[in-house]
Amino acid sequence: MNRATALQKFTEWDKQGRYVFTLADLNKIFAEDSPKTLQAGLNRLVKEGLLVRPVRGVYVFNFAHSRDSYTIEHIARALRRGEYNYVSLESALSEYGIISQIPIDRLTVMTTGRKGIYATPFGTIEFTHTKRQQQDILAGVVQINRPLKIATPEYALRDLKRVGRNVHLVNEKTLLNDE
């Protein structure tokens, strides 16, 4: 794959609003002869600055016009594709103003996939596993204009308590006023 071809393909995907790709996505897009050829081409594109590799197996098109402020959520979604994922715990409670501290460089995500922490140039993604059923998850989340769903305030607090996180930052008055 040469730079011109790659730029053309990434621009086509960018027009559709897509700028974060997994290695499997890129394998389908470029259909190289071997995995080594694909990896060598991707390494070259990263070195040239066309792509950024925030974590192993995920690539971000650096010149995307569709790039938004939710790049870290796009990366999280790519890392746990095929699983139910939603913003919860401290990240959700902070957005609702229920905890006083704002996690600036961390996104806390509940997932039906495996747990893990990933440091990226866009911030740290912390996945916490949940055994909840699909119906229960869908009942406690809302979809707003962002890549991942977000837990309702009550659901995020329930998650926080369920996983044994520190609840001393929770402003109970704010939570009660919302109800």
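Placed above this text is the structure.
A short tour of the structure in this document, coming up.

Quick notes on the rules
Residues numbered from 1 in each chain as written. Predicted model: local features only at pLDDT ≥ 70, side-chain atom pairs only at ≥ 80, totals over all residues. Heavy atoms only, no water. Helix = DSSP H or I, 4+ residues; strand = E, 2+ residues; numbered from the N terminus. Buried < 20%, exposed > 50% of the residue type's maximum accessible area, 1.4 Å probe, protein only. Polar contact = N/O pair within 3.5 Å; in protein donor to acceptor, adjacent residues only side chain to side chain. Contact = heavy atoms within 4.5 Å. Arc of directions from axis to C-beta. Phe/Tyr/Trp six-rings, centres within 6.5 Å; stacked < 30°, edge-to-face > 60°. Lys NZ or Arg CZ within 6 Å of the ring centre and 35° of its normal. Pairing = 2+ DSSP bridges. Axes fitted to C-alpha atoms, helices over the stretch in contact; angles between N-to-C directions.

### Description of the side chain of Ser-91
Move 1: Positionally, Ser-91 belongs in helix 5 (residues 89–95).
Move 2: Judged by its relative accessible area of 5%, Ser-91 falls in the buried class.
Move 3: Within the structure, the side chain of Ser-91 is placed 3.5 Å from the backbone oxygen of Arg-106, a separation counted as a polar contact.
Move 4: Those residues in contact with Ser-91 that lie beyond four places of it in its chain are Pro-103, Arg-106, Leu-107 and Thr-108.

### Some details on helix 2 (residues 23–30)
Move 1: For helix 2, the set of buried residues is Asp-25, Leu-26, Ile-29 and Phe-30. Projected down its long axis, helix 2 shows its buried positions confined to an angular sector of 115°, all on one face.
Move 2: Those residues of helix 2 hidden inside the fold are in contact with helix 1 (3–15), strand 1 (20–22), helix 3 (35–48) and strand 3 (58–61).

### A closer look at the packing of aromatic side chains
Move 1: For the structure on display, the rule yields seven aromatic pairs.
Move 2: Between Phe-10 and Phe-21, the aromatic rings sit 5.4 Å apart at their centres with planes inclined by 55°, giving tilted as the arrangement. Of this pair, Phe-10 sits in helix 1 while Phe-21 is found in strand 1, placing the two residues eleven residues apart along the sequence. The same class applies to Phe-10 as to Phe-21, namely buried.
Move 3: For the ring pair Phe-10 and Phe-30, a centre distance of 5.6 Å and an interplane angle of 70° mean the geometry is edge-to-face. Taken as a pair, Phe-10 in helix 1 and Phe-30 in helix 2 lie far apart in primary sequence, 20 residues in all. No difference in accessibility class separates Phe-10 from Phe-30, as the two residues are buried.
Move 4: The structure contains a cluster of three or more aromatic residues connected by ring pairs, namely Phe-10, Trp-13, Phe-21, Phe-30, Phe-61 and Phe-63.
Move 5: Sitting above the plane of the Tyr-155 ring, Arg-132 keeps its charged end 4.2 Å from the centroid.

### Description of the sheet that holds strand 2 (residues 51–55)
Move 1: With antiparallel pairing, the three strands of this open sheet are ordered in space as 1-3-2. Two strands bound the open sheet, and with one partner strand each, they are strand 1 and strand 2. The mean angle between the axes of side-by-side strands here comes to 30°, regardless of whether they run parallel or antiparallel.
Move 2: The pairing of strand 2 with strand 3 spans three bridges and is antiparallel. Across the sheet, residue Val-52 finds its bridge partner in strand 3, namely Val-60.
Move 3: Relative to the sheet, helix 2 contacts strand 1 and strand 3, its axis offset from that of strand 1 by approximately 90°.
Move 4: Where helix 3 meets the sheet, its contacts fall on strand 2 and strand 3, and the angle it forms with strand 2 comes to roughly 105°.

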